[in-house]
Amino acid sequence: MLSHKLHTAIGRRSDLLDGDTNALRLVDGAGDGVPGVFIDTFADRWLVSTRSNGLNPEVRQWIESQGNTCYWKRLDQHEKESPTHIAGPAQEESFIARESGVNYRIDFQAGYSQGIFLDQRLNRQRVHKFSSPGKTILNTFAYTGAFSACAALAGATTTTLDLSQVYLDWARDNFRANDLDPADHYFCKGDTFHWLKRFSRQGRKFDGVILDPPTFSRDDKGKVFRVEKDYAHLVALTHACLAPDGWILCCTNCRKLDPRDFARAVRQGTPGKKLTTLDMPEEYTGEPYLKSVWVHGQ
Ligand SMILES: C[S@@+](CC[C@H](N)C(=O)[O-])C[C@H]1O[C@@H](n2cnc3c(N)ncnc32)[C@H](O)[C@@H]1O
């Protein structure tokens, strides 16, 4: 019975939900015996994502019986629409959800993504751990600045870089949601590749850099970046503005890229540096699509 599997999957994760964390993946598709169905909770509001263009009636009925606010979206990289309200009270305002003691503004009306990528939970914890007062952390492809908030809460001075002004404003909201003053930090609008070259020309060095680019992107001059081909170049550009003991977090969710090829690309951009890989969080029981390689100082 699908409803039994859903119930079991959620029960299995109950230890991960506490006063510090109310945003979490609850059901991870085939890993929980429910292929193609993914449920995330954000402060008791649920988002169910499916690979198919609709929701299995048994899953839908079970969700309706739970009473939570629930929205649905179809997993599709080209989709721009916000999720659809399917159960419980509607959530029309943005609200705050919490992960590892950090607050994030979530918005079910903001388009395809809701404000935080929950699969980065362990990397966010590590960014917090590896940041401290006096350190400078650069968060590229920053989206809503979740990594920046973690680094800033540890006392570091952060630079948050994204193409989108909307996301940079959202990143400032995330700082304020954690009693951090955005004015104490830097927010840069623009292309990561241009900024990395500029920082390097200026001799600016960072103690930590986060790289989590989209699988494919195109800059304002039409130049294309593809994770499979160009990651080593991105890492090399980053290396040029890294302090001697600095670290880089390299991520990609490109499913086509083999983890060994990804580690090889990172190594190519940072010869001689120590690398470690980090597995996905335990609640991601399905396909391990997110690859994370940490480049360490010395
Ligand atoms: C996959 S999301 C990053 C998620 C983020 N690292 C996190 O964990 O919250 C990709 C982000 O990169 C931004 N972006 C895409 N191409 C870019 C570029 N060339 N330079 C800077 N930002 C870019 C997009 O606006 C989007 O916010």
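Just above, that's the structure.
Residues numbered from 1 in each chain as written. Predicted model: local features only at pLDDT ≥ 70, side-chain atom pairs only at ≥ 80, totals over all residues.

Each helix and strand counted, the protein chain has eight helices and 16 strands in total. For 298 residues, the compact-globule estimate of 2.2 N^0.38 gives 19 Å, and the protein chain sits close to it at 19 Å. In terms of overall dimensions, the protein chain has C-alpha extents of about 60 × 40 × 40 Å along its principal axes. Counting over 298 residues, the protein chain shows a buried share of 41%. Intrachain contacts of the protein chain at a sequence separation of at least 6 include 58% that bridge at least 24 residues. (Helix = DSSP H or I, 4+ residues; strand = E, 2+ residues; numbered from the N terminus. Rg over C-alpha atoms; globule rule 2.2 N^0.38 Å. Buried ≥ 20, exposed ≤ 12 C-beta atoms within 10 Å, placed from the backbone. Contact = placed C-beta atoms within 7 Å.)

The next subject is the nonpolar core. Soluble globular proteins: nonpolar side chains tend toward being buried together. Counting residues in each nonpolar core, the largest one holds 74 residues, and the members touching the most others are V48, L211, I248 and C250. In terms of residue count, helix α4 (residues 146–153) provides more of this core than any other element does, seven residues in total. Built from parts of two domains, this core gets at least three residues from each of domain 1 (2–91) and domain 2 (118–295). When residues no more than four places from it in sequence are discounted, the contact partners of V48 are V37, F38, I39, L55, I63, C70 and W72. (Core = buried A, V, L, I, M, F, W, Y, C linked by C-beta atoms within 7 Å. Domains from an automatic or database assignment.)

The next subject is the sheet that holds strand β8 (residues 136–139). In spatial order, the strands read β10-β9-β8-β11-β14-β16-β15; together these seven strands make up an open sheet with mixed pairing. This sheet does not close on itself; its edge strands, each paired only once, are β10 (186–189) and β15 (275–278). Along the sheet, successive strands turn relative to each other by an average axial angle of 15°, direction set aside. Note that β8 and strand β11 (residues 206–211) share three bridges and pair parallel. (Pairing = 2+ DSSP bridges. Axes fitted to C-alpha atoms, helices over the stretch in contact; angles between N-to-C directions.)

Turning to the sheet that holds strand β5 (residues 84–87), a few remarks are in order. If you trace the five strands from one edge of the open sheet to the other, you get β1-β2-β3-β4-β5, paired in mixed fashion. Here the strands that pair on one side only, and so sit at the sheet edges, are β1 (23–28) and β5. In this sheet, adjacent strand axes meet at a mean angle of 30° when their direction is disregarded. Pairing analysis gives three bridges linking strand β4 (residues 70–74) to β5, with the strands arranged antiparallel. Note on β5: the bridge partner recorded for Y71 is H85.

Take the pairing of strand β3 (residues 45–50) next. Buried residues dominate β3, accounting for five of its six residues. Relative to β3, strand β2 (residues 37–42) runs antiparallel, the two being bridged by six bridges. Each residue of the ladder has a partner; that of F42, found in β3, is R45. Remark: two residues form the turn of the hairpin made by β2 and β3, two consecutive strands paired antiparallel; A43 in that turn has positive phi of roughly 45°. Note that β3 and β4 share five bridges and pair parallel. Residue pairing across strands places W46 opposite C70, the latter belonging to β4. Chirality of the crossover, the property in question, places the unit of β3, helix α2 (residues 57–66) and β4 among those that are right-handed. (Right-handed = clockwise from strand over helix to strand, strands pointing away.)

As a further point, take helix α6 (residues 192–202). Those residues of α6 not exposed but buried are T192, L196 and F199. Seen along its axis, α6 keeps its buried residues to an arc of 65°; they face one direction. Facing away from the buried surface of α6 by more than 90 degrees, the exposed residues are R201 and Q202. On its buried face, α6 is in contact with β9 (157–162) and α7 (227–239). At the exit of α6 stands G203, carrying a positive phi of roughly 75°. (Arc of directions from axis to C-beta.)

Within the chain, F141 stands out as a residue other than glycine whose phi angle is a positive 45°. Looking at the element boundaries, F141 is found in the loop between β8 and α4. Taking the C-beta count within 10 Å as the criterion, F141 has 18 such neighbours and is therefore assigned partly exposed. With a phi close to 60°, D179 is a non-glycine residue in the positive phi region. Checked against the element boundaries, D179 lands in the loop between α5 (165–176) and β10.

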